[in-house]
Amino acid sequence: MLGIDNWDQLSPREKYEKRFEKFSKPELDFPDESAKEAYQERIQMLKDVIELKKPVRVPQCLNMGVFVADYAGYTAKDMMYNYERLGEAFKKFHKDFEVDAAASSMLMGPAKVFDILEYKLYDWPGNGVDEKRSYQCLEKEYMKADEYDLLINDPSAFWMRFYMPRIIGAMESWGKLSPWTDIIELPFMGPTFIPFGLPDVQESLKKLMEAGSAALEWAGAFSQIDAEVSAINGLPPLFGGFAKAPFDTLGDTLRGTRPIMTDMFRRPEKLLEALEVLTAINIEMGIRAANQNNNPIIFIPLHKGADGFMSEDQFGKFYWPTLEKVIKGLVEEGIVPYLFVEGGYNDRLDYLASEAEIPEKQTIWIFDDTDMRNAKEAIGDRACIGGNVPGSLLQTGSPAEVEEYVRDLIENVGADGGYILANGVVLDDGKVENVEAMLSAGRKYGKY
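Residues numbered from 1 in each chain as written. Predicted model: local features only at pLDDT ≥ 70, side-chain atom pairs only at ≥ 80, totals over all residues. Heavy atoms only, no water.

**A look at the environment of Leu-302**
Inspection of the secondary structure assignment puts Leu-302 in strand β5 (residues 297-302). Residue Leu-302 is classed as buried on the basis of its relative accessible area of 0%. It is 25 Å that separates the C-alpha atoms of Leu-302 and Val-402, two residues lying 100 residues apart in sequence. (Helix = DSSP H or I, 4+ residues; strand = E, 2+ residues; numbered from the N terminus. Buried < 20%, exposed > 50% of the residue type's maximum accessible area, 1.4 Å probe, protein only.)

So, in structure tokens, the structure goes:
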């Protein structure tokens, strides 16, 4: 792992240190020594704040959406189809706004790939959504209530033969394929490969190859953009990859919100069994991404665990236990889970505060609508917290109101360190002067 022969013999903390050492030495073409030093200084700031130390100042890490496009005078559609404009927009944003971690242009997504695949799970700018707006999930019951055993017994086969044909038009014929696990002896080879001779399956493979070429073009573009942004501005990337809470994996785009809520009553044991299967999948996904990108910070958006989505008892039974396992599984590999806590977690703080459940000084919790003083009291001595600058304030408030809000946050929540200044929701809409006021206030009041 990471080129270290005795990796499995290292403690979680030793793995964490090795990952940050690798993170601080990127293969980037810095234009000068000052940019390289700025990069390493910001890595140290992130490391200090995670460890609840006082960095040189409060780090400023924005969670960016289509604001980047609008600021550059482009549409969200431009960002997803025109990679030259994608690069111009992200370079302009990071040049003009003084942040401490780079937002990746990868997050805009490759619309050309979606077009080829006939992607059905989302609408995106220019395809069901206004050209200036962000993408939108089209929630449906893509996994049926009677398919839990299919998912539990062989998740990869379920994805290949049931889920993907429902969300990707170009893969509709994949329902005819046999599971790869059928190939256990010579006589099974022929029958397994018969479907690949069918015209609709072969046409699907051609579209997948076309989509693969388009994805490579996109990957080359965003990789170059992100590398230039990091090198020129001395900005480390904020995330090394993604994982999810198992309940969200199942509820967001497999069962859907309403079906999974009824599953808690109608088939709770099957739901719990499936969540355990998805736990290992999410841990592996996060570890693999951190290894590939040499970045120990893994983004985990929390969707359906917020106050009001389910009762506290349901949260304790269905949501928290497997999320806790994902967090611990990543931490054991030296990874820092960056938990983007959407909505309010005011009724969930007791879970987060349990000494046995939160690994000390190795997680980041970015809150949206949670009372930050209560969050600080509950977990501030064990975990880095941040966020809470409302998107509504950045959209409708005045610069003076934004400055006052940030000042209050830093003085009452971030005074002892362990705090990251960030917006509480992904920034799609906001007044330029308010974003500038937020960052300016962070520099003004965030010095230690």
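**Details of the nonpolar core**
Among the nonpolar cores identified, the biggest contains 113 residues, and Leu-250, Leu-302, Leu-352, Trp-365 and Phe-367 are the most heavily contacted of them. No other element matches helix α14 (residues 312-331), which puts nine residues into this core. When neighbours within four sequence positions are excluded, Phe-367 is seen to be in contact with Val-341, Tyr-345, Leu-349, Leu-352, Met-372, Ala-375, Ile-379, Ile-385, Gly-386, Gly-387, Asn-388 and Gly-424. Counting 26 residues, the second largest nonpolar core, distinct from the first, contains Ala-101, Phe-340, Ile-364 and Cys-384. (Core = buried A, V, L, I, M, F, W, Y, C linked by side-chain atoms within 4.5 Å. Contact = heavy atoms within 4.5 Å.)

**Some points on the sheet that holds strand β7 (residues 364-367)**
If you trace the six strands from one edge of the open sheet to the other, you get β4-β5-β6-β7-β8-β9, paired in parallel fashion. The outermost strands of the open sheet, each flanked by one partner alone, are β4 (241-242) and β9 (419-420). Inspection of the sheet shows strand β6 (residues 336-341) paired to β7 by four bridges, in the parallel sense. Bridge pairing links Tyr-338 to Ile-364 in β7. Set on the sheet, helix α16 (residues 372-379) makes contact with β7, β8 (384-387) and β9; between it and β8 the angle comes to about 170°. (Pairing = 2+ DSSP bridges. Axes fitted to C-alpha atoms, helices over the stretch in contact; angles between N-to-C directions.)

**Some words on the sheet that holds strand β2 (residues 128-129)**
Taken in spatial order, the three strands make up an open sheet running β2-β1-β3, and their pairing is mixed. Each edge of the open sheet carries a strand with a single partner, namely β2 and β3 (136-137).

**Considerations on the packing of helix α18 (residues 399-413) against helix α19 (residues 432-445)**
At a minimum axis separation of 8 Å, α18 and α19 run at an interaxial angle of 35°. Of the two possible hands of crossing, α18 and α19 adopt the one that is right-handed. Across the interface between the two elements, Pro-399, Val-402, Glu-403, Val-406, Arg-407, Ile-410 and Glu-411 from α18 touch Glu-433, Asn-434, Ala-437, Met-438, Ala-441, Gly-442, Lys-444 and Tyr-445 from α19. When grouped by side-chain class, the residues that make up the contact of α18 with α19 number eight nonpolar, two polar and five charged. (Left-handed = near helix turned anticlockwise from the far one by under 90°. Nonpolar A, V, L, I, M, F, W, Y, C, P; charged D, E, K, R; others polar.)

**Some thoughts on the packing of aromatic side chains**
Aromatic rings in a pair are described by how distant their centres are and how their planes are angled relative to each other. Here the structure, examined in full by the defined rule, presents 32 aromatic pairs. Counting every residue linked through ring pairs, the aromatic cluster contains Phe-247, Phe-315, Tyr-319, Trp-320, Tyr-345 and Tyr-351. If you follow Arg-13 out to its NZ or CZ, it ends over the ring of Tyr-16, 4.1 Å from the centre. (Phe/Tyr/Trp six-rings, centres within 6.5 Å; stacked < 30°, edge-to-face > 60°. Lys NZ or Arg CZ within 6 Å of the ring centre and 35° of its normal.)

**Concerning the pattern of salt bridges**
One pass over the full model with this rule turns up 33 salt bridges. Across the pair Glu-17 and Lys-47 runs a salt bridge, and its minimum N-O distance is 3.1 Å. With Glu-17 in helix α1 (residues 12-23) and Lys-47 in helix α2 (residues 33-50), this pair connects stretches of sequence that are 30 residues apart. Judged by its relative accessible area of 36%, Glu-17 falls in the partly exposed class. Residue Arg-42 pairs with Asp-100 through a salt bridge whose shortest N-O separation is 3.1 Å. (Salt bridge = Lys/Arg side-chain N within 4 Å of Asp/Glu carboxyl O.)

**Here we look at unusual backbone geometry**
Backbone geometry places Asn-294, a non-glycine residue, at a positive phi of 50°. Here Asn-294 shows up in the loop between α13 (268-293) and β5. Positive phi values are uncommon outside glycine, yet Asn-388 reaches one of about 80°. Its location among the elements puts Asn-388 in the loop between β8 and α17 (391-396).

**Regarding the environment of Asp-123**
Among the structural elements, Asp-123 can be located in strand β1 (residues 122-125). Considered as a pair, Asp-123 and Ile-297 are 174 residues apart in the sequence and their alpha carbons are 29 Å apart. Among all residues touching Asp-123, those that are not within four sequence positions of it are Gly-128, Val-129, Tyr-135, Gln-136 and Leu-138.

**Comments concerning the side chain of Glu-147**
Within the secondary structure layout, Glu-147 lies in the loop between β3 and α7 (148-153). What Glu-147 contacts, discounting residues up to four positions off in sequence, is Tyr-142, Phe-158, Phe-162 and Arg-166.

**Thoughts on the pairing of β8**
Side chains Cys-384 and Gly-386 of β8 all project onto a buried face; the interleaved residues Ile-385 and Gly-387 project onto the opposite face, where all are buried too. Here β7 runs beside β8; their pairing, made up of four bridges, is parallel. Directly across from Ile-366, in β8, lies its bridge partner Gly-386. A crossover connection joins β7 to the parallel β8 through α16; in handedness this β-α-β unit is right-handed. Alignment of β8 against β9, held across two bridges, turns out to be parallel. Considered in β9, the bridge of Ile-385 is made with Tyr-419. (Right-handed = clockwise from strand over helix to strand, strands pointing away.)

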